[in-house]
Amino acid sequence: MNPSEMRIADPDVSHVADEGDILNELLSLPGARVLELGCGKADKTRLVAQTAASVLALEVDSIQLANNRAAEKPDNVRFEFGGAENIPAEDSSFDIVLMFKSLHHVPTELMDDAFSEIRRVLKPGGVAYISEPVYAGDFNEILRLFHDEKAVREAAFSAEVKAVTTQRLSLARQTFFLQPMHFDDFSQFESRILKVTHTDHKLSPALYDTVRSKFNRHLSPSGVNFHMPIRVDLFRKDGP
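We now turn to the structure provided with this report.

Criteria and cut-off values
- Residues numbered from 1 in each chain as written.
- Predicted model: local features only at pLDDT ≥ 70, side-chain atom pairs only at ≥ 80, totals over all residues.
- Heavy atoms only, no water.
- Core = buried A, V, L, I, M, F, W, Y, C linked by side-chain atoms within 4.5 Å.
- Buried < 20%, exposed > 50% of the residue type's maximum accessible area, 1.4 Å probe, protein only.
- Helix = DSSP H or I, 4+ residues; strand = E, 2+ residues; numbered from the N terminus.
- Contact = heavy atoms within 4.5 Å.
- Salt bridge = Lys/Arg side-chain N within 4 Å of Asp/Glu carboxyl O.
- Pairing = 2+ DSSP bridges.
- Right-handed = clockwise from strand over helix to strand, strands pointing away.
- Lys, Arg positive; Asp, Glu negative; His and termini not counted.
- Polar contact = N/O pair within 3.5 Å; in protein donor to acceptor, adjacent residues only side chain to side chain.

Quick notes on the nonpolar core
The nonpolar side chains of a soluble globular protein tend to be buried with one another.
So, step 1. Ranked by internal contacts, the top residues of the largest apolar core, which has 42 residues, are Leu27, Val34, Leu98, Tyr129, Phe139 and Phe189.
So, step 2. Per element, the largest residue contribution to this core is 6 residues, and it comes from strand S7 (residues 224–236).
So, step 3. With sequence-adjacent residues up to four places away left out, Leu27 is seen in contact with Ile96, Leu98, Val127, Tyr129 and Leu234.
So, step 4. Leu35, Ala84, Ile118 and Ala163 belong to the second-largest nonpolar core, a separate cluster that totals 29 residues.

Here it is in structure tokens:
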């Protein structure tokens, strides 16, 4: 795929899917050695580990890393400290590299280094699956009130285009879908979004009330449901 054909968003996307289904569609996980960068709470880590041979899951949030290590985990999963720009692994050691909505959390000035590292640790013919939230939708309208990610998401996309343009990686395909998100109420939104340990969200009382009010406009007797648009870029390492 030519880098000029890469799209940051698809305004016409209508396919609703769980990301696990997209993973199964795009990747061959059975028997694969997998590296996950920015594993967060490791929900996807455990999903991937059900079929992959092994998963090395890296995280730079020391609090979350400690929680992951303390929790019960599959025998084929290893949690370690590390960022995408400096991966603690040998050259050509993974079949698949995964980043679930974490590329835009890499410092902008280190995104190019991250792609160099991804290429380094991938085996020839290996693939990198990178999903990123698209800057659109009702959930994003609430998020940007206190944590506007427009600039960093655009920087992440630019780094992806540059990685293809400089032939560090080739782009196999782009996939767009809508990921369902459910919150029982605002307190659950606060717990899952406002109180994450990797970002210090400090809201003034007035802003807090604004966020809660905008969230509650979507509240129904069954809670709140959003469809978050997601872009998946699937890259391949060609050559040695």
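As for the pattern of salt bridges
So, step 1. In this structure the tally under the stated criterion is 16 salt bridges.
So, step 2. With a shortest N-O distance of 3.5 Å, Arg173 and Glu25 are connected by a salt bridge. Pair noted here: Arg173 is in strand S6 (residues 170–183) and Glu25 is in helix H1 (residues 19–26), with a separation of 148 residues, a long-range link.
So, step 3. In this structure, the salt-bridge partner of Arg69 is Glu80, at a minimum N-O distance of 3.0 Å. Of the two residues, Arg69 is situated in helix H3 (residues 62–70) and Glu80 in strand S3 (residues 77–81); the sequence distance between them amounts to 11 residues.
So, step 4. Residue classification places Glu80 among the partly exposed positions, given a relative accessible area of 25%.
So, step 5. Each member of the salt-bridge network shares a partner with another, and the members are Arg69, Arg78 and Glu80.

Regarding the pairing of strand S4 (residues 94–100)
So, step 1. Of all 7 residues in S4, 6 are buried, a share of seventy percent or more.
So, step 2. Both strand S1 (residues 33–37) and S4 contribute to a ladder of 3 bridges, which runs parallel. Across the sheet, residue Leu35 finds its bridge partner in S4, namely Val97.
So, step 3. Handedness of the β-α-β unit built from S4, helix H4 (residues 111–121) and strand S5 (residues 122–133) comes out right-handed.

Quick word on the side chain of Lys237
So, step 1. Assignment of secondary structure puts Lys237 in the segment after S7.
So, step 2. For Lys237, which is buried and forms no salt bridge, the nearest opposite charge comes from Asp91, at a distance of 7.6 Å.
So, step 3. There is a polar contact of 3.0 Å between the side chain of Lys237 and the backbone oxygen of Arg119.

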